[in-house]
Each structure stands twice: as structure tokens, then as C-alpha cells.
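Listed below, chain by chain, are the residues.
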Amino acid sequence: CEPNRCSTELISIQSPEQTILLVYPEDSPAELYLRFLRNGTSNWRFNGSQQAHIRNYPRRHVIDRENGKPILKVSSQGYSGSGIGSEVETWFDLSQPQFQPLFGFSPQGNESRLRGISREKTTRAFFVRAEIHTTTFVRFTAPDGAALGQLTIDTIYAPAANGKQYNYLRGTLPEPEL
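Residues numbered from 1 in each chain as written. Predicted model: local features only at pLDDT ≥ 70, side-chain atom pairs only at ≥ 80, totals over all residues. Heavy atoms only, no water.

J.: What exactly am I supposed to notice about the sheet that holds strand β6 (residues 69–81) here?
T.: Backbone-to-backbone hydrogen bonds pair the strands of a sheet. The strands run either parallel or antiparallel. Overall, antiparallel pairing links the 8 strands, which are arranged β5-β6-β7-β8-β9-β10-β11-β12 in an open sheet. Strands with a single pairing partner mark the edges of an open sheet, and in this sheet they are β5 (61–66) and β12 (166–172). Pairwise comparison of adjacent strand axes, ignoring direction, gives a mean angle of 25 degrees for this sheet. Pairing analysis gives 9 bridges linking β6 to strand β7 (residues 84–93), with the strands arranged antiparallel. Considered in β7, the bridge of L72 is made with F92. (Pairing = 2+ DSSP bridges. Helix = DSSP H or I, 4+ residues; strand = E, 2+ residues; numbered from the N terminus. Axes fitted to C-alpha atoms, helices over the stretch in contact; angles between N-to-C directions.)

Laid out in C-alpha cells, this is it:
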């Protein structure tokens, strides 16, 4: 970052003791997350980095506690182009020794067609005990803006055998509501 052209934020976690340095240059569509773990009583060691690209959606991150574990949720740009856009949210389990994604999904997105059917979707993701459940709502519209129907999809993800990520377990895909 150039002097006075960069913002930073410190995200402190107590258990396990760590700090994430968030760096976002004012003239760049990217955020950089640098993780440092406490090593002993006074030493810190660099533990990894992640980058989030920002374009059509606001910068957003939050720390949640899920099942007693600190989870960093980071928003970034997904698909982007003419008539298409999506946001991606990536979750990191900060109780793990590695700074790697635990789970990711698209909380919102759209596809606009001038002469075809357009779609707009929103997704909520949440923990239910050790599983992650998602509910996705998709709305379909005609070129004149008339509502064509909607669809709700429920999906469940279970911890992988290595415990470091989540895999698709099962989902429901009912008939569209017309």
C-alpha cells in the first residue's frame, strides 16, 4: 500500500489467541487477510493469508461463534459480467491450525436476460449442531418484469472426514411455485 492510501483493521480472537490483520487499499478491489497466531507468551508467527475481491457488493466480514468455535465469514465478489452477478461468502474456522476455507456459498446473485427469463437468488446458511444448512430462494421473472414463480431449495452439508471442510450431504428440490 502507498502511504495514506490504505486502511487496516485488527481482528482479535481470544481462543485460540490470534490476530488477523485486514488490509484494504483504497484504490484496489481487494482485501487481504493476514493471520498471526500466538506462539508462547510473547511471540507471534504468521499463519497464512486469504484475499477477497470486492466489486459489486460491499466489503463485509464478521466473526461468529458456532458450536463454541470462532468462525470468520468474509464476503467477496463471485461471478460478474454483463447481466450476471453474485456475491460469495467464505467461512474460516479460526480454531483450526491452518487458515483455510471451511465452507463457501453465494448469499445473493442474479442473472438478467433481455429476451429471456431472469433469475434472482438469495441464500441463508446457518449451523444446526455440526451440520451447515442452507435455504436458497430463487425468483423467476419474464422480460416484461412479470413474476413467473419461485423455488426454494434446502441443502445440508456435513463435516468431511478430515473435519476441515464440509461436503454436500443431501438436499430437497421441490416443484417450482407458479
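J.: Teacher, can you tell me more about the side chain of H133 here?
T.: With respect to the helices and strands, H133 occurs in strand β10 (residues 131–141). Residue classification places H133 among the buried positions, given a relative accessible area of 17%. Among the polar contacts made by the side chain of H133, one reaches the side chain of E131 at a distance of 3.1 Å. Setting aside anything within four residues of it in sequence, one finds H133 in contact with R124, A125, F126, V128, T155 and I156. (Buried < 20%, exposed > 50% of the residue type's maximum accessible area, 1.4 Å probe, protein only. Polar contact = N/O pair within 3.5 Å; in protein donor to acceptor, adjacent residues only side chain to side chain. Contact = heavy atoms within 4.5 Å.)

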